[in-house]
Protein chains: 2
Amino acid sequence: MSPVAPGQSDSVGIVRVPFSELVERLTGALRKLGFAPENAALCARLFAETTRDGVYSHGVRRFSRFAAMVRSGLVRPNAVPVRSAQCGALERWDGQFGPGNLNAWRSMGRAITLARESGIGCVALANTNHWMRGGAYGWQAAEAGVIGLCWTNTMPNLPPWGGTTPTVGNNPLVLAVPRAGGPVVLDIAMSQFSYGALESYRDRGELLPVVGGFDSVGELTRDPAAIEAAQRPLPIGFWKGSGLAFVLDVIGAALAGGQATCEIAQDPLRETGLTQVFIAMGGAGAFGRNPDEIAAAAIQFLQSSQPAAEGARIRYPGEQTLRIREENLARGVPVDRAIWEEIRTPISP
Amino acid sequence: MSPVAPGQSDSVGIVRVPFSELVERLTGALRKLGFAPENAALCARLFAETTRDGVYSHGVRRFSRFAAMVRSGLVRPNAVPVRSAQCGALERWDGQFGPGNLNAWRSMGRAITLARESGIGCVALANTNHWMRGGAYGWQAAEAGVIGLCWTNTMPNLPPWGGTTPTVGNNPLVLAVPRAGGPVVLDIAMSQFSYGALESYRDRGELLPVVGGFDSVGELTRDPAAIEAAQRPLPIGFWKGSGLAFVLDVIGAALAGGQATCEIAQDPLRETGLTQVFIAMGGAGAFGRNPDEIAAAAIQFLQSSQPAAEGARIRYPGEQTLRIREENLARGVPVDRAIWEEIRTPISP
């Protein structure tokens, strides 16, 4: 890991961009899409941080699709959430079809404020858009010193256990705990592998490390192409993740008064009107023990398990993020060259 | 399904007992163990309802182990939770090592009260015991008309992803949504199969329906005996369930000021001082849509997935419970004959 000159490539088609320059260029591109200065700056930072932290599938690589949805009017650049009901420490907000990452950031921010007042706070958000990297809102809570718990629904993109066509979403779930040495952040979709992950394995000619779905004759397989062809990715824990995806969706729609998965268009470019839930806990002296100390003891114990492979390391959720972040800040954030060219010279709306 | 005479057997070693008689006998057995009348009645009902609802592994079949822990002093029959901190809608309670099912029932009850006042309420409970059937507290919330979300930690009983010795708990997680036609209740441990389930498959000479753990040479397997021998059951979703079990534990311990899994004795008969979290949502007009209607639409859509096997039914979480309950109320609740004899003539403490 050594600093490189801005713009230097380290593999074919990838360019390393200094973080600040990436934020600046994304801000400019968003301004041209009609974002007000403050919205452009925050939205750009969230996209850039996602790629900086190594969540490549949900960062800058998503920017083109996001821009297309802004241009098509499904994402409204300057819409902000409006509170539609206040019930003590639980509030219902309408996202007004604003940018998903801005809406989510503001909603978790409000949940944190509620938790500081009431020990726990919840924002149920209707009419929003794809939040991009869910883990961002876990980091947001943890860096504010509280526990974060949030989830989103999605369009139907996952066959339920026992079915072959998608009638549940992969509904990512995020849990985060503050910790001085770097928070514990779990960010998991309810599918074992995303379509993006399947594509990556296929491109590299690799089998999945574990079964990831069904092939066209209904057999569980580690072959990513077979799963893509059958469109049958696997829920985590088979029937368990299928059930969890279903319940999270129903809870969100009931609390937020938003759409359930069954009401969301099944098309990535028209996937809008999503429903999300943001819960923060631990303000107002609500911690019975210092989460820092418990997390430290729990991590030490976790990693005391006899490794399955010699020399292998057992990781806690979020452990890799800080290492990747440090590397990408030092070497520049890796961006696909084609995307970088697009951001540098954005198409006018 | 037809009513049978009380005490009639329907398979070797199983006796069908009328529900009311089961509650009565359990109450008597608990009274002899030193439970005050009110505590004995509620504890008996929770044990009997668990078996009535078909969760055989966590109902009457657990009674002997529970009684042994009462006799050894680890479960204190008449201890009740004491509030140790009040932070708005989040409260911290000390379970005083009382019976796990009574403590959990009272804690969810308190969370429901808080939700009615504040839209959302949370009770973080330290120093409690095994809650038996987690789903009971989901049903409790749903029957009170609110959403329930709760989890418990356990002793270390599950190897984390990448490890071969247990350093996480299987930490059951429960989510429930009220619904007039029967609530949606998900009750899942973070292990794909419990040791009890592995034993049942082995006894029947069956392979597991999906991989359930590793054998002694580290290969994933559907052979229950091989997993038992290696003591390597699988977390749901491989690394995902391992991470979820870890984070739930740390959150609970931080909020409740209770023990984390790393601090709990690794012995089923000395597994005490557990930590649990109970969240209720939806009181105080906090529903944006009628959960009943959303659940109905979501269930209909869920079950519209093309079945993987011809004629197969896609189930929503909790769907089977009402059918099993009805059957067991009509035919008598199935109880192992040896356990029934023990309950009828309980050993004095």
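Residues numbered from 1 in each chain as written. Chains lettered and ligands numbered in written order. Predicted model: local features only at pLDDT ≥ 70, side-chain atom pairs only at ≥ 80, totals over all residues. Heavy atoms only, no water.

## Digging into the nonpolar core
Residues Phe246, Ile279 and Met281 of chain A together with Phe246, Ile279 and Met281 of chain B are the most contacted members of the largest nonpolar core, which totals 90 residues. When neighbours within four sequence positions are excluded, Ile279 of chain A is seen to be in contact with Met108, Ile120, Gly121, Cys122, Ile147, Gly148, Leu149 and Trp151 of chain A together with Ile120 and Met281 of chain B. (Core = buried A, V, L, I, M, F, W, Y, C linked by side-chain atoms within 4.5 Å. Buried < 20%, exposed > 50% of the residue type's maximum accessible area, 1.4 Å probe, protein only. Contact = heavy atoms within 4.5 Å.)

## What about the environment of Glu24 of chain A?
When you line up the elements, Glu24 of chain A lands in helix α1 (residues 19-32). Note on Glu24 of chain A: relative accessible area 59%, which makes it exposed. (Helix = DSSP H or I, 4+ residues; strand = E, 2+ residues; numbered from the N terminus.)

## Quick word on the packing of aromatic side chains
Applying the stated criterion across every chain yields a total of 26 aromatic pairs over all chains. Taking 6.2 Å as the distance between ring centres and 40° as the angle between the ring planes, the aromatic pair formed by Phe63 of chain B and Phe66 of chain B counts as tilted. Placement of the pair is Phe63 of chain B and Phe66 of chain B together in helix α3 (residues 63-71), with a separation of three residues, close to one helical turn. Each of the two residues, Phe63 of chain B as well as Phe66 of chain B, counts as buried. Here the aromatic cluster, defined as three or more aromatic residues joined through ring pairs, consists of Trp161, Phe214, Phe238 and Trp239 of chain A together with Phe193 and Tyr201 of chain B. For the cation-ring pair, Arg325 of chain A lies above Trp139 of chain A, with the distance from its terminal atom to the ring centre recorded as 4.4 Å. (Phe/Tyr/Trp six-rings, centres within 6.5 Å; stacked < 30°, edge-to-face > 60°. Lys NZ or Arg CZ within 6 Å of the ring centre and 35° of its normal.)

## A word on the interface of chain B and chain A
Across the contact, 83 residues belong to chain B and 83 residues belong to chain A. Here chain B packs against chain A, burying approximately 6500 Å² in sum over the two surfaces, 77% of which is carbon and sulfur. Of all residues in chain B, Lys240, Phe246 and Phe301 of chain B give up the largest surface area on contact with chain A, accounting jointly for 10% of the area buried on that side. Seen at the junction of chain B and chain A, the total is two salt bridges. (Buried area = accessible area lost by both parts, 1.4 Å probe. Salt bridge = Lys/Arg side-chain N within 4 Å of Asp/Glu carboxyl O.)

## Describing the domain arrangement of chain A
In many analyses, interface size is given as the accessible surface area lost on bringing the parts together. All names here are of chain A. In terms of domain boundaries, chain A breaks down into domain 1 (9-74 + 332-344) and domain 2 (82-191 + 235-281). Every contact between the two is made by 18 residues of domain 1 and, on the other side, 15 residues of domain 2. Taking both sides of the interface into account, the surface hidden between domain 1 and domain 2 amounts to around 1500 Å²; carbon and sulfur atoms contribute 66%. Summed over the three residues of domain 1 that lose the most area to domain 2, namely Leu46, Met69 and Leu74, the buried surface amounts to 33% of that side. Here Asp53 and Arg133 are joined by a salt bridge, their closest N and O atoms 3.0 Å apart. (Domains from an automatic or database assignment.)

## Here's the deal with the pattern of salt bridges
Residue and element names in this part refer to chain A. The final tally for this structure, using the stated rule, is 31 salt bridges over all chains. Across the pair Glu91 and Arg110 runs a salt bridge, and its minimum N-O distance is 2.7 Å. Here Glu91, found in strand β4 (residues 90-94), pairs with Arg110, found in helix α4 (residues 100-118); they are 19 residues apart in sequence, far enough to count as distant. Linked by salt bridges that have partners in common, Arg52, Asp53, Arg133 and Arg325 make up one network.

## Some remarks on the pairing of strand β3 (residues 82-87) of chain A
Residues and elements named next belong to chain A. Where β3 lies against β4, five bridges are found, and the strand directions are antiparallel. Counterpart to Cys87 in the pairing with β4 is Leu90. Taking the residues that link successive antiparallel strands as the turn, the β3-β4 hairpin has two residues, and the phi of Gly88 there is positive, at about 65°. (Pairing = 2+ DSSP bridges.)

## Focus on the relation of the copies chain B and chain A
One copy of the chain maps onto the other through a rotation about an axis plus a displacement along that axis. After a rotation of 180° and a shift along the axis of 0.0 Å, chain B superposes on chain A with an RMSD of 0.0 Å. On the angle and the small slide along the axis, the relation comes out as a two-fold axis. Of every C-alpha in chain B, the one belonging to Gly237 of chain B sits nearest the axis of rotation, 2.3 Å from it. Interface residue correspondence from chain B to chain A reaches 100%, placing this contact among same-surface, isologous pairings. (Least-squares fit on C-alpha atoms with pLDDT ≥ 70 in both.)

## Digging into unusual backbone geometry
Positive phi, normally seen in glycine, also occurs at Asn127 of chain A, with a value near 55°. Within the secondary structure, Asn127 of chain A is located in strand β5 (residues 120-128). On the basis of relative accessibility, which here comes to 19%, the residue Asn127 of chain A falls in the buried class. Within the chain, Asn171 of chain B stands out as a residue other than glycine whose phi angle is a positive 20°. Residue position: Asn171 of chain B is located in the loop between β6 (147-152) and β7 (173-177). The buried category is assigned to Asn171 of chain B, whose relative accessible area is 1%.

## Quick look at the sheet that holds strand β7 (residues 173-177) of chain A
All names here are of chain A. Judged by pairing direction, the sheet is mixed, and its seven strands sit side by side in the order β3-β4-β5-β11-β6-β7-β8 without closing on themselves. Strands with a single pairing partner mark the edges of an open sheet, and in this sheet they are β3 and β8 (184-188). Taken over all neighbouring pairs, the strand axes of this sheet differ in orientation by 10° on average, direction set aside. In this sheet, strand β11 (residues 274-281) lies alongside strand β6 (residues 147-152) in antiparallel orientation, the contact comprising six bridges. When the bridges of β11 are listed, Leu149 appears paired with Ile279. (Axes fitted to C-alpha atoms, helices over the stretch in contact; angles between N-to-C directions.)

## Re the sheet that holds strand β4 (residues 90-94) of chain B
Residue and element names in this part refer to chain B. Spatially, β3-β4-β5-β11-β6-β7-β8 is the arrangement adopted by the seven strands of the open sheet, whose pairing is mixed. Looking at which strands have only one partner, the edges of the open sheet turn out to be β3 (82-87) and β8 (184-188). Averaged over all adjacent pairs, the angle separating strand axes in this sheet is 10°, with direction ignored. Examined bridge by bridge, strand β5 (residues 120-128) and strand β11 (residues 274-281) share seven bridges and lie antiparallel to one another.

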